[in-house]
Every structure is written in C-alpha cells, then in structure tokens.
Amino acid sequence: MNPPAAAPVADSASPRAPVGDLGRQLMSFNWLVAGYAHPAWLGPWAELLVPRERASPRLLRRASFALLAQHGLQQRHVRDLGRHTWLLEPYARLLRMAEVLGTAMLGGWVRQRLERQQVAQQLQVLGPLRREQALQWAQTLKALPFPAAATGWPVPLTGPSAVYRLGASALVALPAEAHSGAGERTAMRFPYGAVVPLLLGPAQLDEALALVHGVLAEPEPAA
C-alpha cells in the first residue's frame, strides 16, 4: 500500500503544530514517517530531506515508503487514536512528556535509596528540582515509580539523558495496540538507539497515560 499524500506531522524539523483535521494528521502519522522521523533514522534520505519543511511531497512519500518497508510497517497502522491523541503532538511537547514520565519513573529510586552515594547519583541524573519532583511522584503514584525488576529500569543512570531516554521509552510502550505500529513510529521521533524496550503493567500504563494527559493540559509555551 502506497502512503497517501498528506502534510507531515510537526517535529524538530517542523516546529509548528500540524495544520488540518485530526484525520489528516493521523494519515500523516501513519504514512509520512519521513516527515517527522529523527534524521538518524533516515539513512541515505537524510541529506535529501534538508530542510525537511521544504521537501517535496513526492520525495517525502518515497522516503516514507522506504522507512515503512524497512521496519515492517506497510500493513500496520493506527486506525483509531482513542486516548492516544498525544501521538500527534509536536516534538517539543513529546520531549516534555518524556521529561515528566522519566522523572516520575525514578521516584521509587529517590524514595528508597537514601545512601550518600545514591543521593549524589540522583542529583547527577535528576538535579535538585527534578529529584524533588520525583520524590513527590513516588508519594502520589502507586505503580509507575516502581519497576517490577529488582535491578530497576533498563536505562543506565549515568547522567541527565537517562531521564529523557526513560521517558521516551515509556512513551513508545504506551500505545495499547502493539500491532498498530504506533510504538515504532513514536520511537522514530527520537534519536536512533535512544529508546529501550520497556514492559509496563496495566497500572503503570494507566498512571503514565494520566501524566501524559496532564502535559496536554499544560498551557502552550510562549512562542
């Protein structure tokens, strides 16, 4: 199935919100992945699509079809967004969601590990403000701050990028219908290799989605 012509979803290369109705935005999310994929995913198409917002619709369709074929997504697409309209949000809003989710997911670590060395590492990863926010999430949420594995979340806690990698990985794990390819398409919006596979339980998924909707309720940042 050839991807239909439609405007690309807004991303880091096209920072404005997508124009048009929800159906057209969903069509772009499903079929014009080259319009919003991080450059690291584009391979030989990356240079041809610079600047992204000026690329021709024909070139975007060709690059998108190549990406869909490469990742086995030609027959997989989102039919109904349901509670997942956040999938169509601009890249900047996705980064904010990743920050909130990653911070909340480290709340259990902050709450349970108070040794001097652990606190120093928490400050290195989260900083003072986000460490306090993580602790607050651990006192409010019952599931998301506490990974099922005794070893913790599968993201190395070696610096501030851990928060975003963890949050982005949670976003990729959030769409309920795995067969739709929504997770794979969301992963393409982040740098290649930034996302790790996560298994979230039902309660964790519910809490994560509530946090995402909380970000959607935040006022738009001033231009």
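Before any of the text, the structure's been laid out above.
Summarised in this report is the structure supplied together with it.

Calculation criteria
In this convention, every chain numbers its residues from 1, walking through the sequence in written order. At least 70 in pLDDT is required for a residue's local features to be given in this predicted model, at least 80 for side-chain atom pairs to be given and counted, and no such filter applies to totals for whole chains, interfaces and linings, which use all residues. Each side-chain value is worked out from all heavy atoms of the structure, with water and hydrogens disregarded. As used in this record, nonpolar core signifies buried Ala, Val, Leu, Ile, Met, Phe, Trp, Tyr and Cys residues forming a set joined through side-chain atoms within 4.5 Å. Categorising residues by exposure relies on relative accessible area from a 1.4 Å probe, with only protein chains included: less than 20% of the type maximum marks a residue as buried, more than 50% marks it as exposed, and the intermediate range marks it as partly exposed. Counting from the N terminus, the helices are the DSSP runs of H or I reaching at least four residues and the strands are the DSSP runs of E reaching at least two. What counts as an axis is a line fitted to C-alpha atoms, over the stretch in contact for a helix, and the angles between N-to-C directions run from 0 to 180 degrees. Just so you know how the angles are binned, under 35 degrees is roughly parallel, over 145 roughly antiparallel, 65 to 115 roughly perpendicular, and the rest oblique. In this scheme, a crossing is called left-handed if the near helix is turned counterclockwise away from the far one by less than a right angle; it is called right-handed if the turn is clockwise. Note on contacts: a residue pair is in contact if any heavy atoms of the two residues lie within 4.5 Å. Asp, Glu, Lys and Arg are counted as charged, while Ala, Val, Leu, Ile, Met, Phe, Trp, Tyr, Cys and Pro are counted as nonpolar; the rest, among them Gly, fall into the polar class. Residue count minus one, scaled by 1.5 Å, sets the expected span of a helix. Within this analysis, the arc is defined by the directions that extend from the helix axis to the C-beta atoms.

## Looking at the nonpolar core
Grouped together as the largest cluster of nonpolar side chains are 63 residues, with contacts concentrated most on L49, W86, L101, M105 and L171. With eight residues, helix α3 (residues 91-105) is the single largest residue contributor to this core.

## Some remarks on the packing of α3 against helix α8 (residues 202-216)
Taken N-terminus to C-terminus, the directions of α3 and α8 make an angle of 135°; their axes are 9 Å apart at the nearest point. With respect to α8, the element α3 is oriented oblique. Helix-helix and strand crossings are classified by hand; for α3 and α8 the assignment is right-handed. In this structure, α3 contributes R93, R96, M97, V100, L101 and A104 to the contact, and α8 contributes A208, L211, V212, V215 and L216. Of the residues contributing to the contact of α3 with α8, the split by class is nine nonpolar, no polar and two charged.

## Quick look at the environment of P154
Here P154 lies in the loop between α5 (116-140) and α6 (161-173). Overall, the relative accessible area of 46% leaves P154 in the partly exposed class. Residues P154 and V196, 42 residues apart in the sequence, show an inter-C-alpha distance of 7.2 Å. If we ignore the near neighbours within four places in the chain, the residues touching P154 are V196, P197 and L198.

## So, helix α2 (residues 57-70)
The terminal C-alpha atoms of α2, which comprises 14 residues, lie 20 Å apart, in line with the 20 Å expected from a rise of 1.5 Å per residue. Those residues of α2 that fall on the buried side of the exposure criterion are L59, L60, A63, S64, L67 and L68. For α2, the buried positions fall inside an angular range of 165° around the axis, keeping them on one side. Looking at the buried side of α2, the elements it contacts are α1 (22-31) and α7 (182-187). Of the residues flanking the end of α2, it is G72, one or two places downstream, whose phi is positive at about 65°.

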